[in-house]
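So the chains spell out like this:
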Amino acid sequence: MTQKNEYYKIGQLLNPLQRSITTLYPQGSKCRIVVPARVDTFLCHHHYFVHPLRPQVYPVNSINFVLNQLTEAEVAIRSDKKIVITALETRKPLIEHVVKIMQQTLGFDTGFSVIAKNNHNTLHGGLGSSSTLMTAVAQAINIIMGNHLTVQEMTKLLAQNYGEETNKTGMLSTMASIGGASASALSGKSLIIIGGEAEIWIKEDLPVGYEAVLRYPKNIKAISGIVDMQLYKKGFELFERIGYEWGDIKENILRSKIIPAICKEDYSVLFKSINMYTIGAYGDIPQYFRSRWLSHNIFFDEFIYTIFLRLFAAVPMEENCFFVSSGGPLLVIITNRFNDVIAALGNITDNFSVDRVSLARSGPQLEIE
């Protein structure tokens, strides 16, 4: 089923949870929350981006690493029923939407004042900034109203009612969300695997000593949701082919090899599988990123192969992994050998900024009144 409608109304609850909740009264008056971001890779069923199972339901699967790139929200109950938002103008429709779907889900019409922002500059670039912002606001409301929703319920609700900003007043675009950003923001673990219909298949921590090296093109500034949607659609033809040819194979690798190894505290299968995915062993992922970002003068296929060869001549591919997060252009290396990674890459990433970021290993930071 191809998703025919590209837009839907702010506050429209397309996929409600399968249980009814009635909130009788708030359990607090204000909540401030700070949550981490995610980077993701090893997507399996790419064809669902083109043909979602149902509107806004994308059972694509993903592996997520949770990073201390933070997003914060402060939500306070109002004495009236208004929704008053302090945020970047482009983010206000997202926040209004998530407040309204939380009102419907929890069965109340209380008004809120919301202050929310991403404390990093990677918007629509690979950190799940929009999903994380919406998750922070939603969880603050959930806590104020009695903490009725579990992390799994929140993940499914937000993924399956997701949208991004448009140039149409009162509307959101039907951009895909898999669920990794919400699960990562709320779970308190550094490694999250999402499968099926925004289901959390595994929550674990990588061994102590691992961190992320982030590289972002210096010539690409913050990307709008409208441009992001245009770039996303460029991949539809390749998504269909990769998904139909390799989707079941990748999910089988995820279920039968990666997850069992992680449960035995063996992370070599995880790292090797991600590295093979990155260079196109399970579908031409480098060609997808080349097509998506060629208009921004980044030859991602050549760049991926060059980094791969330089990196894994210096560090073991069973202990480190390299990938482009989400739709890019953020490059990520998960490693326990930071100095060796920097030395190996040398000047080939001179046109990219460099950030050394720790993995997040605890749940959201909360202040409740």
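Everything below is about the structure printed above this text.
Notes on the structure follow.

1. Comments concerning unusual backbone geometry
No. 1: At the junction of Gly328 and Pro329, the peptide bond is cis and its omega measures out at 5° in the coordinates.
No. 2: Mapped onto the elements of the fold, Pro329 is located in the loop between strand E11 (321-324) and strand E12 (331-335).

2. A look at the sheet that holds E12
No. 1: One open sheet holds the four strands; their spatial order is E11-E12-E10-E13, and the pairing between them is antiparallel. The sheet terminates laterally at E11 and strand E13 (352-358), the two strands that pair on one side only. On average, each strand axis in the sheet is inclined to that of its neighbour by 20°, with strand direction left out of account.
No. 2: The pairing of strand E10 (residues 211-217) with E13 spans seven bridges and is antiparallel. Each bridged residue has a counterpart across the sheet, and for Arg215 the counterpart in E13 is Val354.
No. 3: Running at roughly 40° to E11, helix H7 (residues 268-278) makes contact with E11 and E12 of the sheet.
No. 4: Sheet strands touched by helix H9 (residues 300-312): E11, E12 and E13. Its angle to E11, the strand with the most contacts, is close to 170°.

3. Here we look at the nonpolar core
Inside soluble globular proteins, nonpolar side chains tend to come together where they are buried.
No. 1: Of all hydrophobic cores here, the largest spans 116 residues; its most connected members are Ile63, Phe65, Val137, Leu206, Leu270 and Ile334.
No. 2: Of the residues forming this core, the biggest block, nine residues, is contributed by helix H2 (residues 129-144).
No. 3: Ignoring any residue separated from it by four or fewer positions in sequence, one finds Ile334 in contact with Phe65, Leu206, Tyr210, Glu211, Ala212, Phe271, Glu319, Asn320, Cys321 and Phe323.

4. Digging into the pattern of salt bridges
No. 1: Per the counting criterion, the structure on display carries 14 salt bridges.
No. 2: A salt bridge links Asp205 to Lys189; the shortest N-O distance between them is 3.8 Å. With Asp205 in the loop between strand E9 (199-204) and E10 and Lys189 in the loop between helix H4 (180-187) and strand E8 (191-195), this pair connects stretches of sequence that are 16 residues apart.
No. 3: Of the charged contacts, one joins Arg337 and Asp340 as a salt bridge, the two residues approaching to 2.9 Å between their closest N and O atoms.
No. 4: On the basis of relative accessible area, Asp340 is assigned to the partly exposed category, the value being 34%.
No. 5: Each of Arg32, Glu72 and Glu367 takes part in a single network of salt bridges with overlapping partners.

Cut-off values and rules
Residues numbered from 1 in each chain as written. Predicted model: local features only at pLDDT ≥ 70, side-chain atom pairs only at ≥ 80, totals over all residues. Heavy atoms only, no water. Helix = DSSP H or I, 4+ residues; strand = E, 2+ residues; numbered from the N terminus. Pairing = 2+ DSSP bridges. Axes fitted to C-alpha atoms, helices over the stretch in contact; angles between N-to-C directions. Contact = heavy atoms within 4.5 Å. Core = buried A, V, L, I, M, F, W, Y, C linked by side-chain atoms within 4.5 Å. Buried < 20%, exposed > 50% of the residue type's maximum accessible area, 1.4 Å probe, protein only. Salt bridge = Lys/Arg side-chain N within 4 Å of Asp/Glu carboxyl O.

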